[in-house]
Every structure is written in structure tokens, then in C-alpha cells.
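Breakdown of the fold
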Amino acid sequence: MNFLEEAVTRARRALLAAPPTSQWVQVATLGPEGAARVRTVVLHEIGDDGTLSIATDDASEKVRALRQDPRAEVLLLSREHLEQWRFSVRFEIVDAKAPEQDERRALWKRMPPREKGYYVSPPAGRDRSSYPASAFHAEAHEPEPVERFVFLRGVPHAIDLLDVSRTPHDRFIYSGGADGPWSRRAVTP
Ligand SMILES: Cc1cc2nc3c(=O)[nH]c(=O)nc-3n(C[C@H](O)[C@H](O)[C@H](O)COP(=O)(O)O)c2cc1C
């Protein structure tokens, strides 16, 4: 097993330990003035190549930030396995105009109607009083992705695992990417 495969296998175990709560991760981006911004999202999948699949709204602040600077960190805390996984990624924004429509459609189709409801309701952070209650939808059942739906594809170049389930704690930094081989370094926790 190579190092990327090792990290992916183990991170998936953490991700799927107690869905959906084990899939709630934090994504940190850089705001327009260089200040950090962090928020919770659902991490739908970790691909064999370590790619992180996240669904979001084209009208959101995070997409605006990522169009300016695609560097980000995704933090997965496993309460079940007592592990912290920090993924350093570059996000590719697969919006309605991107060529990768098969991947975008596949993610839309696997999302539950409740999660899709977000994309047919007013975007986050707007003045609530300017929308009638009827503008907010608990569910959406559109068979095809709606315009605002964006698939964020996070391509990792480093994965930092801190395992606090044992003492002394273990910490490994996996790094690689851009088609090169991945390495693993043990570091102090
Ligand atoms: C449990 C939970 C899950 C969430 N999942 C998502 C998600 O998958 N995608 C998303 O865009 N926002 C999700 N949100 C909302 C975000 O945290 C955030 O409020 C919203 O995306 C707007 O963020 P932004 O203004 O930084 O772009 C979730 C929030 C919570 C509390």
C-alpha cells in the first residue's frame, strides 16, 4: 500500500464512522483582506486520489473567496477515532459552466432532498427581511443540478494526521500530489 492509499483508507474510516455528523468538516479560506474565514460543510467523499468532494452555493462568500485564491484547509475531527485530519488543498470550482458536468451531476443526485433545499432558497448572508417565508424551501427534488449548485473539488498536496487515541500521540504528515509519489513523515505531535 502506498502512502496516499494508506492516508485515504484511514481518513475514510474516520469520515464514515458516524454519518452524517462524522462528515461535518470545517473549511478555511482566505477572505478578501487576507483574513481567515472558516465554516462547516458536509464532506461527501474522499476519492482514491485524495480528492475531497464538497457541495456548495455559487452565490456564497466561500466560492467568491476561492475564485480569488483556491488555497484552503479542510479539517476533519473524528470524535469516534480521536483523530484530527488536516487537508491542505487547492479547490477546483466545478460550476454550471465547467466541463466536468458528470461529476457535478453525480454529486447532486446522491444528495438528500433536504440538502438540496439550500440551493433553491435565498443565498446565505442576505438581509432576511427582503425575502418572504415562501422563498425558503426545506427540500428540493430537481432531478438535474440547479444553476447555483457547485461541486468543490479539493485536490490535496498535504495531509496532516494527529492521532490522540494513544499516548504519546502520533502525528504523520503525508505529502505529494501533482502526479508525484506521496511520502510520510512522523513528526512530534
Ligand atoms: C452541520 C452543517 C452542515 C453544513 N453543510 C454545508 C455544506 O455542505 N455546504 C455549504 O455550502 N454550506 C454548509 N453549511 C453552511 C455553512 O456552514 C455556511 O454557513 C454557508 O455555506 C455560508 O458560508 P460562507 O458565507 O462562508 O460561504 C453547513 C452548516 C452546518 C452547521
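Owing to the predicted nature of the structure, the values given are computational and were not obtained by experimental measurement.

Time to look at the overall build of the chain. In terms of regular secondary structure, the chain is built from four helices and eight strands. The N-to-C order of helical and strand elements in the chain reads α-β-β-β-α-β-β-α-α-β-β-β. Its C-alpha radius of gyration of 18 Å places the chain within 12% of the 16 Å reference for a compact globule of 189 residues. By its C-alpha atoms, the chain is 55 × 35 × 30 Å across when sized along the principal axes. Among the 189 residues that make up the chain, the fraction classed as buried is 24%. The contacts of the chain with a sequence gap of at least 6 include a subset with a gap of at least 24, amounting to 59%.

For the ligand, the set of nearby residues contains 14 residues, the closest of which are Val41, Thr56, Ser60, Glu61 and Lys62. For the shell around the ligand, the secondary structure elements donating two or more residues are strand E2 (36-46), strand E3 (52-57) and helix H2 (61-68). For the shell around the ligand, the element with the highest residue contribution is E2, accounting for five residues. Its residues placed into classes, the shell around the ligand shows five nonpolar, four polar and five charged.

In this model, Pro19 is joined to Pro20 through a cis peptide bond whose omega is 5 degrees. For Pro20, the position within the fold is in the loop between helix H1 (3-15) and strand E1 (24-30). Pro168 follows Thr167 through a cis peptide bond whose omega is 0 degrees. Topologically, Pro168 is positioned in the loop between strand E6 (149-163) and strand E7 (170-177).

Covered by surrounding structure in strand E4 (residues 71-78) are Ala72, Val74, Leu76 and Ser78 only, the residues Arg71, Glu73, Leu75 and Leu77 on the alternate face being uncovered. Summarising the sheet, E1 and E4 pair through three bridges and their orientation is antiparallel. Note on E4: the bridge partner recorded for Gln26 is Leu75. Sheet topology places E4 next to strand E5 (residues 83-94); eight bridges connect them, and they run antiparallel. Across the sheet, Ser78 pairs through a bridge with Glu83, a residue of E5. The antiparallel pairing of E4 with E5 creates a hairpin that spans four residues between the two strands, and Leu82 there sits at a positive phi of about 55 degrees.

What follows concerns the environment of Leu16. Mapped onto the elements of the fold, Leu16 is located in the loop between H1 and E1. Separated by 59 residues in the primary sequence, Leu16 and Leu75 have C-alpha atoms spaced 15 Å apart.

Each value, and the rule that gives it
- Each chain carries its own residue numbering, running from 1 in the direction its sequence is written.
- The predicted origin of the model limits local features to residues at a pLDDT of at least 70 and limits the giving and counting of side-chain atom pairs to 80 or more, whereas totals for whole chains, interfaces and linings rest on all residues.
- Secondary structure elements follow DSSP: runs of H or I of four or more residues count as helices, runs of E of two or more count as strands, with numbering from the N terminus.
- With the radius of gyration taken over C-alpha atoms, the globule rule is written as 2.2 Å times the number of residues to the power 0.38.
- Counts of 20 or more other C-beta atoms within 10 Å of a residue's own C-beta define buried residues, counts of 12 or fewer define exposed ones, and intermediate counts define partly exposed ones; C-beta atoms are placed from the backbone.
- By the convention adopted here, residues are in contact when the distance between their C-beta atoms, placed from the backbone, does not exceed 7 Å.
- Placing a C-beta atom from the backbone of each residue, we mark the residue near a molecule or strand if the atom is within 6 Å of it.
- In this classification, the charged set is Asp, Glu, Lys and Arg, the nonpolar set is Ala, Val, Leu, Ile, Met, Phe, Trp, Tyr, Cys and Pro, and all remaining amino acids, among them Gly, are polar.
- Pairing between strands is defined by DSSP: at least two bridges between the two strands are required.

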